[in-house]
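Below are the chains, spelled out letter by letter.
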Amino acid sequence: MIDPELKTALDAMLGDPEHWVHVGTVTPTGEPHVTPVMLAYDDEYLYLSLTGRTKKANLEHDPRVCLSMARDGDIAHVIVWGEVAMREDEWAQERWEFAMRHILGEAGLAQQRRPLSREGTSLGVVTPKRWRVFGLGPGPGVDAGF
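The structure presented is a predicted model; accordingly, all values stated were derived computationally and were not measured.

### Digging into the pairing of strand E5 (residues 64-70)
Every second residue of E5 is oriented toward a common face, the buried set being Val65, Leu67 and Met69 and the non-buried set Arg64, Cys66, Ser68 and Ala70. The pairing of strand E1 (residues 21-26) with E5 spans three bridges and is antiparallel. In the sheet register, histidine 22 faces E5, and the bridge partner there is serine 68. Pairing of E5 with strand E6 (residues 77-87), which is carried by seven bridges, proceeds in the antiparallel orientation. Residue alanine 70 lies in a different strand from E6, and its bridge partner there is histidine 77.

What follows is the structure in structure tokens.
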């Protein structure tokens, strides 16, 4: 279950469904790797659409991620640390379609619809471990989830 404080922050940051979130991973040699991904969420998990060999290979080696999202025009940002499970099963397909529908709308999903596979697109199911919310409320920022 996603903490209500984190969900409120995500709602504030990602009000426009067409957004990119940056995900940081670690390569098998220990180098950092950051790339933009699409993110959706519900009350249980954060969902990433994962395509491309590098980030998937990184996550197979080390499932830890750091997600970063910032709002244009001010200093508001949310950072989430967690772990990703990559999935391609029937449940993941349904959740991936939910995510694409949320981000791209029904017409966008129709253009992007594809079967999930280890060789192609996977659903990254993120379990948040901790997060930082800055600039979205009256206080200076909140570190939570420790």
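### Observations concerning helix H1 (residues 4-13)
Looking at H1, one finds that the buried residues are Leu6, Ala9, Leu10 and Met13. Down the axis, H1 shows its buried residues gathered within 100° of arc, on one side only. Relative to its buried face, H1 has exposed residues pointing more than 90 degrees away, namely Pro4 and Thr8. At its buried positions, H1 is contacted by strand E3 (39-41), strand E4 (46-50), E5, E6 and strand E7 (122-134). At the N-terminal boundary of H1, the capping side chain belongs to aspartate 3, with an oxygen 2.8 Å from the backbone nitrogen of glutamate 5.

### With respect to the side chain of lysine 55
The topology assignment puts lysine 55 in helix H2 (residues 53-61). Summary of buried charges: lysine 55 has no salt-bridge partner, and the nearest side chain of opposite charge, glutamate 60, is 13 Å away. A polar contact is formed between the side chain of lysine 55 and the backbone oxygen of threonine 51, at a distance of 2.8 Å. Setting aside residues no more than four positions away along its own chain, lysine 55 makes contact with His33, Thr35, Val37 and Leu50.

Conventions used here
- Residues numbered from 1 in each chain as written.
- Predicted model: local features only at pLDDT ≥ 70, side-chain atom pairs only at ≥ 80, totals over all residues.
- Heavy atoms only, no water.
- Buried < 20%, exposed > 50% of the residue type's maximum accessible area, 1.4 Å probe, protein only.
- Helix = DSSP H or I, 4+ residues; strand = E, 2+ residues; numbered from the N terminus.
- Pairing = 2+ DSSP bridges.
- Arc of directions from axis to C-beta.
- Contact = heavy atoms within 4.5 Å.
- Polar contact = N/O pair within 3.5 Å; in protein donor to acceptor, adjacent residues only side chain to side chain.
- Lys, Arg positive; Asp, Glu negative; His and termini not counted.
- Salt bridge = Lys/Arg side-chain N within 4 Å of Asp/Glu carboxyl O.

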